[in-house]
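One letter stands for each residue in the lines below.
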Amino acid sequence: MKIMRWLLLTLFTGGVAVANAQADFATDDERNTIQVFEKSRPSVVFVTNQQLVRDPRSLNLLEVPRGSGTGFVWDESGYIVTNFHVVDGARKVMITLQDQSTWPAEVVGLAPERDLAVLKISAPEEQLTALPLGDSSQLSVGRKVLAIGNPFGLDATLTTGVVSALGREIQSPNQRTISNVIQTDAAINPGNSGGPLLNSQGQLVGVNTMIYSPSGASAGIGFAIPVNTVKEVVPQLIAHGRIVRPVMGVALAPDHWAHQSGIQGVPILRVEANSPAAKAGLEGLSRNAWGQIELGDVIVGINKKVTPDQDQLMSALERHKPGDKIEVHIVRNGKMMQRKLTLAAPRE
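Residues numbered from 1 in each chain as written. Predicted model: local features only at pLDDT ≥ 70, side-chain atom pairs only at ≥ 80, totals over all residues. Heavy atoms only, no water.

Peer 1: Teacher, can you tell me more about the packing of aromatic side chains here?
Peer 2: Two measures describe an aromatic ring pair: the distance that separates the ring centres and the angle between the ring planes. As enumerated under the stated definition, the model contains zero aromatic pairs in all. The lysine or arginine in question, Lys120, covers the ring of Tyr79, its NZ or CZ lying 5.4 Å from the ring centre. (Phe/Tyr/Trp six-rings, centres within 6.5 Å; stacked < 30°, edge-to-face > 60°. Lys NZ or Arg CZ within 6 Å of the ring centre and 35° of its normal.)

Now the structure itself:
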């Protein structure tokens, strides 16, 4: 009997000791992961995209969820950042905060060429916690990153991984190229779109945008728009509702027309009067005495950077602002030429 009591006491107290040891055990990396999640979680929001459909039996219009995704609080004014494709085509967008309060959102600005969107809600400041912004230029392959999102409608889900590669390129929803994209093996699934990618200091380093997977689920290759791009785009969306791209004052020929005609570069269709291009002496298409169309200038580069198509030409211009002086490389009558011009602001 005494032996049984001794065994029970030993097993009981030993079990408690083991349990306590396991409860207290945590690596520095685990503590960091927990801290980043707990600190960042209040900033992550659930984005619901709703649309109208007609009931086939009653013919009444019904409001139904079209899709969902993730976003995060940009500042205490109520601005929310997410992906463009999360809210594209929405009639109504709702934001659910971590306290489970739900708010109707106003679409402030859209940038399909960067797959970014800015929304605004009227929640009190005390319910809004902005994420600190990092510097994506300081990232390197192998750095730890954490993704928080709402995959498959499951809120506040954390995945971790590393930066797998830098400088990737992906296609935006409107078929523009997004450059300097971050590749990560942190699991990103449908519903994670628009959520934050964080470093081990809890700073925003990217916005999760897509996965590369034949099945549509995480396959260890996810992509995020770098925060340095986000820091450039979001203020423009708040101020203007779109990316403000400086203009040269030219109308450009479609890429497929240039390709079919065997032209390398971006042909100018016409030059606007009194525009920077006109002042620089650029020329568009013209007709000769027999009424035949004659090719004008073909833009092949900006500031010594090759621009073989409109996508890369637009990307080159987006690195500048109105008032900047640039050198345009053109081909005219088979000869390479350069023209300098001062970029203008777009018309409102």
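Following the structure, the description resumes.
Peer 1: In this structure, what is going on with the nonpolar core? I would like to understand it.
Peer 2: Here is a general trend for soluble globular proteins: nonpolar side chains tend to be buried in one another's company. Ranked by internal contacts, the top residues of the largest apolar core, which has 25 residues, are Phe72, Trp74, Val81, Leu116, Val118 and Val230. When residues of this core are traced back to their parent elements, those giving at least two are α2 (28–40), β3 (79–82), β5 (102–111), β6 (116–120), β7 (144–149), β11 (204–211) and α4 (227–240). With five residues, the single largest contributor to this core is α4. Setting aside its immediate chain neighbours within four residues, Val118 contacts Tyr79, Ile80, Val81, Glu106, Val107, Val108, Gly109, Val234, Leu237 and Ile238. (Core = buried A, V, L, I, M, F, W, Y, C linked by side-chain atoms within 4.5 Å. Buried < 20%, exposed > 50% of the residue type's maximum accessible area, 1.4 Å probe, protein only. Helix = DSSP H or I, 4+ residues; strand = E, 2+ residues; numbered from the N terminus. Contact = heavy atoms within 4.5 Å.)

Peer 1: Explanation requested: the pairing of strand β9 (residues 177–184) in the structure shown.
Peer 2: Looking along a regular strand, one sees side chains alternate from face to face of the sheet. Of all the eight residues making up β9, six are buried; the element is thus mostly covered by neighbouring parts of the structure. Pairing of strand β8 (residues 157–171) with β9, which is carried by five bridges, proceeds in the antiparallel orientation. Within β9, the residue paired with Ala165 across the bridge is Gln183. With antiparallel pairing between neighbouring strands as the criterion, β8 and β9 make up a hairpin whose turn holds five residues, including Gln175 at a positive phi of roughly 70°. One ladder, built from three bridges, connects β9 with strand β12 (residues 222–226); its direction is antiparallel. Of the residues in β12, the one forming a bridge with Gln183 is Phe223. (Pairing = 2+ DSSP bridges.)

Peer 1: Looking at this structure, I do not really get unusual backbone geometry. What am I missing?
Peer 2: Most peptide bonds take the trans configuration, and most residues that are not glycine carry a negative phi. You will see that Asn303, though not glycine, has its phi angle at about 50°, which is positive. Assignment of secondary structure puts Asn303 in the loop between β17 (298–302) and β18 (305–306). Although it is not a glycine, Lys304 sits at a positive phi angle of roughly 70°. Summarising the element assignment, Lys304 is placed in the loop between β17 and β18.

Peer 1: Honestly, the pattern of salt bridges in this entry has me stumped. Any pointers?
Peer 2: It is possible for side chains of opposite charge to pair when their charged atoms get near one another. Tallied over the entire structure, the rule returns 10 salt bridges. Taking the shortest distance from any N to any O, the salt bridge between Asp29 and Lys144 comes out at 2.9 Å. Highlighted residues: Asp29 in helix α2 and Lys144 in strand β7, separated in sequence by 115 residues. Classification of Asp29 by relative accessible area gives partly exposed; the value is 46%. Glu318 is the salt-bridge partner of Arg114, the closest N and O atoms lying 2.5 Å from each other. Within this pair, whereas Arg114 is found in the loop between β5 and β6, its partner Glu318 is found in the loop between α7 (310–317) and β19 (325–332), the two being separated by 204 residues in sequence. Per residue, the accessibility class of Arg114 equals that of Glu318, and both read buried. (Salt bridge = Lys/Arg side-chain N within 4 Å of Asp/Glu carboxyl O.)

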